[in-house]
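Breakdown of the fold
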Amino acid sequence: MAQMLPCYLHIAKGISTESPYTCKGIRFSPVRKISWQKRSVLSNKGCVVQCCSSVSSTSASSAAKQFLVEDRTTFQDREEQLENLVSEHGWRVRRLVNDEYEMREVAQIQAEAFHTPMALFDDLFFQFFKAEVLAGLLYKLRNSPSDRYACLVAEPAADSSKSSRQNLVGIVDVTASRDESVMQHLRGAEEYLYVSGIAVSKTFRRQKVGSVLLKACDVLSNLWGFKYLVLRAYEDDVGARRLYTKAGYRVVSSDPQWMTWIGRKRRVLMIKESNLLR
């Protein structure tokens with residue numbers, strides 16, 4: 001599956017700290033009301049320049065409030081969309097809520113997917129690994145702006161006949177990034193969405209959960225205005241690569257051969273241009 005660990009503590013460069021209620025490129029300052037009687041007279045040239053009247057300042061203030069209201073409404077609409085990004089094949093994908101129980105479910109599913117079994121004390125090492133996954137998730141949720149990182153979770157849809165003892169059945173992380181080694185493959189883009197940590201509970205594999213998660217990443221890229229989605233997969237993971245290829249990703253590069261000499265698996269870099277923006 002897509003590689004997860006390198007993204008744990010990754011926060012993209014140039015993170016925006018602007019309020020979600022601030023229009024891009026527009027800054028509103030308090031409008032000082034000036035009495036209509038006041039005039040500034042340029043005596044040296046005999047010109048009279050009228051200052052802003054109270055009527056015009058009131059109009060400007062009203063316009064500023066209208067911009068803020070519209071931007072706030074847009075933000076709220078987008079947040080509502082994140083509550084139901086995709087609903088297909090009996091599964092629904094939404095953004096992870098800040099809930100301790102759900103975060104532990106996420107850590108369990110990802111740990112099961114990415115833990116490398118050990119010959120001795122495997123249970124102990126698994127618990128350590130799961131704790132590391134949970135710590136990484138908490139770090140990203142607490143330190144990433146809401147429009148730069150999202151953990152998306154899949155669960156049975158409300159009208160679905162699918163049942164599960166656990167609430168969540170699949171996970172994927174999506175992070176805004178701008179790694180230079182990736183940017184060279186993207187035309188006319190300043191950033192991209194990096195997809196990582198995709199994992200499906202063993203019980204629910206081969207039931208379209210992975211496909212629905214990838215579709216949700218497409219929808220999120222449209223909401224956030226990103227043209228490209230990027231992920232990495234192990235070169236020998238045929239099943240994962242087939243899933244990504246079917247979703248529209250294509251291989252553009254791979255790790256150098258010497259990485260296998262130090263005992264590491266080679267990865268391929270796969271890129272998709274969001275079809276929702278075309």
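This write-up is about the structure you can find in this document. Worth saying up front: this structure is predicted, and the values here are computed from it rather than measured.

**Digging into the overall build of the protein**
For the protein, the helix and strand inventory stands at 6 helices and 10 strands. A burial count over the protein gives 38% of its 278 residues as buried. Across the protein, contacts joining residues at least 24 apart in sequence account for 69% of those joining residues at least 6 apart. Per element, the accessible surface of the protein, about 16500 Å² overall, is 51% carbon and sulfur.

**Considerations on the packing of aromatic side chains**
A complete count under the given rule lists 2 aromatic pairs for this structure. Taking the centre distance of 5.7 Å and the plane angle of 85° together, the rings of tryptophan 91 and phenylalanine 204 count as edge-to-face. Note that tryptophan 91 is positioned in strand β4 (residues 91-95) and phenylalanine 204 in the loop between β7 (192-200) and α5 (209-224), a separation of 113 residues in sequence. Phenylalanine 204 matches tryptophan 91 in its accessibility class, with the two residues each being buried. Seen in terms of ring centroids, tyrosine 244 and tyrosine 249 are 6.4 Å apart; in terms of plane orientation they differ by 70°. Their pairing is edge-to-face. Across the pair, exposure class does not vary: tyrosine 244 and tyrosine 249 are buried alike. A cation over an aromatic ring shows up here: lysine 265 above the ring of tyrosine 234, its NZ or CZ 5.1 Å from the ring centre.

**What to know about the nonpolar core**
Leu85, Leu152, Val209, Leu213, Tyr244 and Tyr249 are the most contacted members of the largest nonpolar core, which totals 36 residues. Elements represented by at least two residues in this core include exactly β4, β5 (149-156), β6 (170-177), β7, α5, β8 (228-234), α6 (238-246) and β10 (267-273). Among all residues touching leucine 213, those that are not within four sequence positions of it are Val93, Leu152, Val153, Ala154, Gly170, Ile171, Val172, Ile198, Ala199 and Val200. Val106, Ala107, Tyr149 and Val153 belong to the second largest nonpolar core, which has 18 residues in total.

**Side note on helix α2 (residues 100-114)**
Three- or four-residue spacings in an α-helix give side chains the same orientation, since the helix completes a turn every 3.6 residues. If you check α2, its first and last C-alpha atoms are 21 Å apart, about what 15 residues at 1.5 Å a residue would give, namely 21 Å. Of all the positions in α2, only Glu102, Met103, Glu105, Val106, Ala107, Ile109, Gln110, Ala111 and Phe114 are classed as buried. Structurally, the start of α2 carries an N-cap: the backbone nitrogen of tyrosine 101 is 3.1 Å from a side-chain oxygen of aspartate 99.

**Structural notes on the sheet that holds strand β9 (residues 250-254)**
As summarised here, the arrangement of the 8 strands in space is β3-β4-β5-β6-β7-β8-β10-β9, forming an open sheet in which the pairing is mixed. Edge strands, defined here as strands with exactly one partner in the open sheet, are β3 (86-88) and β9. Within the sheet, the average angular offset between the axes of one strand and its neighbour, ignoring direction, is 25°. Relative to β10, β9 runs antiparallel, the two being bridged by 4 bridges.

**Let's talk about the pattern of salt bridges**
Under the counting rule described, the total for this entry stands at 11 salt bridges. The closest approach of N and O atoms between arginine 92 and glutamate 155, which form a salt bridge, is 2.4 Å. In this pair, arginine 92 sits in strand β4 while glutamate 155 sits in strand β5, placing the two residues 63 residues apart along the sequence. Judged by relative accessible area, arginine 92 falls into the partly exposed class, the value being 22%. Its relative accessible area of 11% is what places glutamate 155 among the buried residues. In this structure, arginine 104 and glutamate 100 form a salt bridge, with 3.3 Å as the shortest nitrogen-oxygen distance. On the criterion of helical spacing, the pair formed by arginine 104 and glutamate 100 is a turn pair, its members being 4 residues apart in helix α2. For glutamate 100, a relative accessible area of 54% translates into the label exposed. Beyond isolated ion pairs, a larger network of salt bridges with shared partners links Arg92, Arg94, Glu102 and Glu155.

**Quick notes on the pairing of β4**
Counted residue by residue, β4 has 4 buried out of 5 residues, so it is predominantly covered. Where β3 meets β4, 3 bridges bridge the pair, whose relative direction is antiparallel. Paired with serine 87 across the bridge in β4 is arginine 92. The hairpin formed by β3 and β4 contains 2 residues between the paired strands, and histidine 89 there has a positive phi angle of roughly 55°. The sheet contact formed by β4 and β5 spans 5 bridges and is antiparallel. Counted as the bridge partner of arginine 94 is valine 153 from β5.

Definitions and limits used
Residues numbered from 1 in each chain as written. Predicted model: local features only at pLDDT ≥ 70, side-chain atom pairs only at ≥ 80, totals over all residues. Heavy atoms only, no water. Helix = DSSP H or I, 4+ residues; strand = E, 2+ residues; numbered from the N terminus. Buried < 20%, exposed > 50% of the residue type's maximum accessible area, 1.4 Å probe, protein only. Contact = heavy atoms within 4.5 Å. Areas by Shrake-Rupley, 256 points an atom, 1.4 Å probe, with all protein chains shown as cover. Phe/Tyr/Trp six-rings, centres within 6.5 Å; stacked < 30°, edge-to-face > 60°. Lys NZ or Arg CZ within 6 Å of the ring centre and 35° of its normal. Core = buried A, V, L, I, M, F, W, Y, C linked by side-chain atoms within 4.5 Å. Expected span 1.5 Å × (residues − 1). Polar contact = N/O pair within 3.5 Å; in protein donor to acceptor, adjacent residues only side chain to side chain. Pairing = 2+ DSSP bridges. Axes fitted to C-alpha atoms, helices over the stretch in contact; angles between N-to-C directions. Salt bridge = Lys/Arg side-chain N within 4 Å of Asp/Glu carboxyl O.

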